[in-house]
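Coordinates in review
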Amino acid sequence: MAVTIKKVGVIGSGQMGNGIAHVAALAGYHVVLNDLSADRLKSAMATINGNLSRQVSKKLITEDARKQALDRIVSAESLDELADCDLVIETAVEKEEIKRKIFHDLCAVLKPEAIVASNSSSISITRLAASTDRPERFIGIHFMNPVPLMELVELIRGIATDDETFDAAKAFVTKLGKQIAVSEDFPAFIVNRILLPMINEAIYTLYEGVGNVEAIDAAMKLGAHHPMGPLELADFIGLDTCLSIMQVLHEGLADSKYRPCPLLVKYVEAGWLGRKSQRGFYDYRGDKPVPTR
Ligand SMILES: CC(=O)CC(=O)SCCNC(=O)CCNC(=O)[C@H](O)C(C)(C)COP(=O)(O)OP(=O)(O)OC[C@H]1O[C@@H](n2cnc3c(N)ncnc32)[C@H](O)[C@@H]1OP(=O)(O)O
Ligand SMILES: NC(=O)C1=CN([C@@H]2O[C@H](COP(=O)(O)OP(=O)(O)OC[C@H]3O[C@@H](n4cnc5c(N)ncnc54)[C@H](OP(=O)(O)O)[C@@H]3O)[C@@H](O)[C@H]2O)C=CC1
């Protein structure tokens, strides 16, 4: 059952969902953006418009392209509205039981030939695929944050993913203008297998008092030329997502070197999730970010 991708569903309109909708619409796809509430969808559309407008003012795209991209995105509070999509990308929170429930509900309404993908940062694609009615038409399409700016997308096949699905996903990602890295289906794939232990180690460095937030971030920005310090980046990714990825690495690889730092756990338990909740390793409620340690 070959499928030509024209209409793309995106489930979850957070920072990744709105970025994926943005780049897909700009590349000419019709997009149905789903989330749990009208408020979330409204704020996602405002973010997409803001990011598109920034691209216009930087002369990266035309005003016409901005308008056309926005016109190609419709918001949907119900999964029923994704029924005739050719590809659906799930990008809700990094919790396996939530993703499994979404796939169960989605497959009940989605046309049988459609491809289902997850933007999961770490969870087994084979296991997620097994919770659908179409493991052969399931694949990991892992975008990087911020989606409009980052060049890379990881493609991860589950054990059952067929060649047609892989080729269709590859063509889709290429049309978005992104580069592909193919990863085997191991916990956290390639980028996060390397990046998250570095971030977790930075949090241990803070926890053990080796340096404060400012010193740790300055060390890695100025001493290793990273564009963001590791704690700034953790806040940017979301501390809940960072913790979920470390938990998947710890459980999946059964090695104590992946133990999530207790300080990361504490921040998440406090609801200090980084930029999205306005507080994490920095406090974002004022004019400029202030370190919290
Ligand atoms: C967790 C996972 O599963 C996988 C991951 O994604 S891991 C995270 C991977 N991402 C990274 O490592 C990002 C590291 N940071 C960077 O590369 C850079 O800091 C950056 C590209 C994000 C921003 O670059 P910068 O030049 O330092 O920052 P800044 O001047 O603020 O932004 C430049 C432009 O980026 C764009 N931009 C910044 N944030 C953006 C966002 N969230 N969405 C869209 N566009 C954004 C804007 O166009 C901005 O232009 P303005 O100056 O007009 O605002
Ligand atoms: N942050 C990052 O840097 C990256 C994240 N990812 C992955 O992308 C996914 C999303 O992350 P991110 O965008 O950062 O997370 P966010 O928290 O920004 O967004 C998640 C969105 O999904 C919504 N949501 C939750 N449950 C459902 C549901 N059942 N149906 C529809 N929408 C739902 C949330 O609503 P509410 O808030 O109301 O629960 C929220 O709007 C995760 O799997 C993450 O691991 C991948 C690459 C990079």
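As named in an unreviewed UniProt entry, the protein chain is 3-hydroxyacyl-CoA dehydrogenase, taken from Bradyrhizobium lablabi. The protein chain has a UniProt comment under Sequence similarities (unreviewed entry) that states "Belongs to the 3-hydroxyacyl-CoA dehydrogenase family."

1. Observations regarding the site of ligand 2
Close to ligand 2 lie 24 residues; Asp35, Arg40, Glu94, Lys99 and Ser121 are nearest. The contact in question runs from an oxygen atom of ligand 2 to an N or O atom on the side chain of Lys99, over 2.8 Å. Taking Lys276, its side chain carries an N or O atom lying 3.0 Å from an oxygen atom of ligand 2. Surface burial for ligand 2 is 85%, taken as the share of its 890 Å² of free accessible area covered by protein chains. Those elements giving two or more residues to the shell around ligand 2 turn out to be helix 1 (15-26), helix 4 (96-109) and strand 6 (138-143). Taken together, the residues of the shell around ligand 2 sort by class into eight nonpolar, 11 polar and five charged. Per-domain counts for the shell around ligand 2 show at least three residues from each of domain 1 (7-184) and domain 2 (192-291).

2. Regarding the side chain of Lys178
Note on placement: Lys178 falls in the loop between helix 6 (163-175) and strand 8 (179-183). Look at Lys178: it is buried, it has no salt bridge, and the nearest opposite charge is Glu151 at 7.4 Å. Polar side-chain contacts of Lys178 include one of 2.6 Å to the backbone oxygen of Val147. At 2.9 Å, the side chain of Lys178 forms a polar contact with the backbone oxygen of Met150. The residues contacting Lys178, other than those within four sequence positions of it, are Val23, Val147, Pro148, Leu149, Met150, Glu151, Val153 and Val173.

About the thresholds
Residues numbered from 1 in each chain as written. Chains lettered and ligands numbered in written order. Predicted model: local features only at pLDDT ≥ 70, side-chain atom pairs only at ≥ 80, totals over all residues. Heavy atoms only, no water. UniProt positions renumbered as here; feature names shortened; annotations may be inferred. Near = heavy atom within 4 Å. Polar contact = N/O pair within 3.5 Å; in protein donor to acceptor, adjacent residues only side chain to side chain. Areas by Shrake-Rupley, 256 points an atom, 1.4 Å probe, with all protein chains shown as cover. Helix = DSSP H or I, 4+ residues; strand = E, 2+ residues; numbered from the N terminus. Nonpolar A, V, L, I, M, F, W, Y, C, P; charged D, E, K, R; others polar. Domains from an automatic or database assignment. Buried < 20%, exposed > 50% of the residue type's maximum accessible area, 1.4 Å probe, protein only. Lys, Arg positive; Asp, Glu negative; His and termini not counted. Salt bridge = Lys/Arg side-chain N within 4 Å of Asp/Glu carboxyl O. Contact = heavy atoms within 4.5 Å.

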